[in-house]
Structure formats: structure tokens, C-alpha cells
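Results of the structural survey
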Protein chains: 2
Amino acid sequence: MTGDNSVFIGNKPFMNYVTSVVMQFTTKNAPEVIVKARGKFISRAVDVSEVAAKRFLDKQVDVKEIKIDSEEFENKEGKRVRVSTIEIVLKKK
Amino acid sequence: MTGDNSVFIGNKPFMNYVTSVVMQFTTKNAPEVIVKARGKFISRAVDVSEVAAKRFLDKQVDVKEIKIDSEEFENKEGKRVRVSTIEIVLKKK
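To start, this report covers the structure provided alongside it. Quantities reported herein were computed from a predicted structural model and do not represent experimental measurements.

Examining the interface of chain B and chain A
Reports often express the size of an interface as the amount of accessible area lost when the parts come together. Opposite the 23 residues of chain B that make contact, chain A presents 23 residues. With both chains or domains summed, chain B and chain A bury close to 1,500 Å², and 59% of this area falls on carbon and sulfur atoms. Where chain B packs against chain A, one counts four salt bridges. For Asp-69 of chain B, the salt bridge goes to Lys-54 of chain A, with nearest N and O atoms at 2.6 Å. At the surface where chain B touches chain A, the tally comes to 13 residue pairs in polar contact (both at pLDDT 80 or more). Of all elements in the fold, only helix 2 (42–56), strand 3 (61–74) and strand 4 (80–92) of chain B reach the threshold of two or more residues within the side of chain B that touches chain A. The element that contributes the greatest number of residues to the side of chain B that touches chain A is helix 2 of chain B, accounting for nine residues. Of the residues contributing to the side of chain B that touches chain A, the split by class is nine nonpolar, six polar and eight charged.

Structural notes on the relation of the copies chain B and chain A
Under the fitted operation, chain B is carried onto chain A by 0.0 Å of movement along the axis and a turn of 180°, and the coordinates agree to an RMSD of 0.0 Å. The superposition of one copy onto the other is thereby described by a two-fold rotation axis. Among all residues of chain B, the minimum C-alpha distance to the rotation axis is found for Ser-43 of chain B, at 2.5 Å. In this assembly, 100% of the residues forming the interface of chain B have copies in chain A that are likewise at the interface, indicating an isologous arrangement.

Looking at the sheet that holds strand 3 of chain B
Pairing in this open sheet of four strands is mixed, and the strands run 1-2-4-3 (chain B) from one edge to the other. Each having just a single partner strand, strand 1 (6–8) and strand 3 of chain B make up the two edges of the open sheet. Averaged over all adjacent pairs, the angle separating strand axes in this sheet is 20°, with direction ignored. One ladder, built from three bridges, connects strand 1 of chain B with strand 2 (residues 32–38) of chain B; its direction is parallel. The residue bridging Phe-8 of chain B from the neighbouring strand is Lys-36 of chain B, located in strand 2 of chain B. Sheet contacts for helix 2 (residues 42–56) of chain A: strand 3 and strand 4 of chain B; angle to strand 4 of chain B, the most-contacted strand, approximately 115°.

Definitions and cut-offs
Residues numbered from 1 in each chain as written. Chains lettered and ligands numbered in written order. Predicted model: local features only at pLDDT ≥ 70, side-chain atom pairs only at ≥ 80, totals over all residues. Heavy atoms only, no water. Contact = heavy atoms within 4.5 Å. Buried area = accessible area lost by both parts, 1.4 Å probe. Salt bridge = Lys/Arg side-chain N within 4 Å of Asp/Glu carboxyl O. Polar contact = N/O pair within 3.5 Å; in protein donor to acceptor, adjacent residues only side chain to side chain. Helix = DSSP H or I, 4+ residues; strand = E, 2+ residues; numbered from the N terminus. Nonpolar A, V, L, I, M, F, W, Y, C, P; charged D, E, K, R; others polar. Least-squares fit on C-alpha atoms with pLDDT ≥ 70 in both. Pairing = 2+ DSSP bridges. Axes fitted to C-alpha atoms, helices over the stretch in contact; angles between N-to-C directions.

So far we have only geometry, and geometry alone does not tell us how the molecule works.
Here it is in C-alpha cells:
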């Protein structure tokens, strides 16, 4: 999780991320929350967004925009590797 | 893969899906191709879309729209299960 209302999805327990998203909207009164992930955590980012928006914040929060992209970097063996990224922007209605 | 220019992502070899997407645009001259996936295959759908659009069809194809949703169904034990879905619409420029 970073400062600007972003929640970065990794391998912590699933509900930690859902709670983070929900609390940004409720406790911190954020107008938007961006759920971000890379590689295999992209599926999880979609799950977190769906559960937060539909189960916990139903009729209060919508998916505003989804962006996908690729990042390239060199791995430990010096080989260029491509990894996909996702940003799911959730917005208070 | 279904009839209407959709490619449904599962656990076949990765490049099968990339080739399907690319061929829909090239051989079949489709104006749009929809990459669809559920659950853990969502990350893969993003990978397929990124590789097809950026490595194989660079400057020819864009991501037009991305939709996420949830489906509910009963599993074998009669328990209600929620699964996330994604649809990535790729469009010829």
C-alpha cells in the first residue's frame, strides 16, 4: 500500500487487501482508490476489487477505469523479462 | 475460443492464445478481439493481451476497453462460490 490511495496487491492474506480498500473509502473518505498489481497477482487484484466494490461497498463504489500495461526489467541472470501490470480505479458514486 | 472473435484463456500453452488473438486480426481480419478469462486465468489474459498487442501487433492494435465482473455458482459441495471474470477488448487502430 502506498500513500496516494493506492493498494498494491501481494501475497498477504486476501482480506487484508479488501479491508485496506474499504477503509480508504470509509475511514479516510478517499474519493478514489487504485488497486495495483503485477504478474500473477493481477487475478487477485480483480478479486479484491470485486469483493470490495460488490460485497462491502455495494451501490457506493464503482469501477471507474482499468488500465493494463507491461514493464520490462532485467532479472538476476541479466535476462530481459516482461511483466504485465494492472491498475483498477475504484470510485465513490 | 468461441465464434464471435473471443479467445477464452485456459491452461493450454501460452503462445496458443497469443497466436489465436493475432490470427483473428490478421487471417480473419477481425476489427476487434475479446480476450476472456475467469479466476486465476485473469493474469494470463492480461499477459496474452499485452504480448499480442505490444510484441506482435504493435502500432496496429490497442486496448479499447476492459471489463471486470463476478459470477456466482454452486460448487460440487452445494456451496455458493464467487469467481471474478475479465474481458479485454482489443481493437484494430
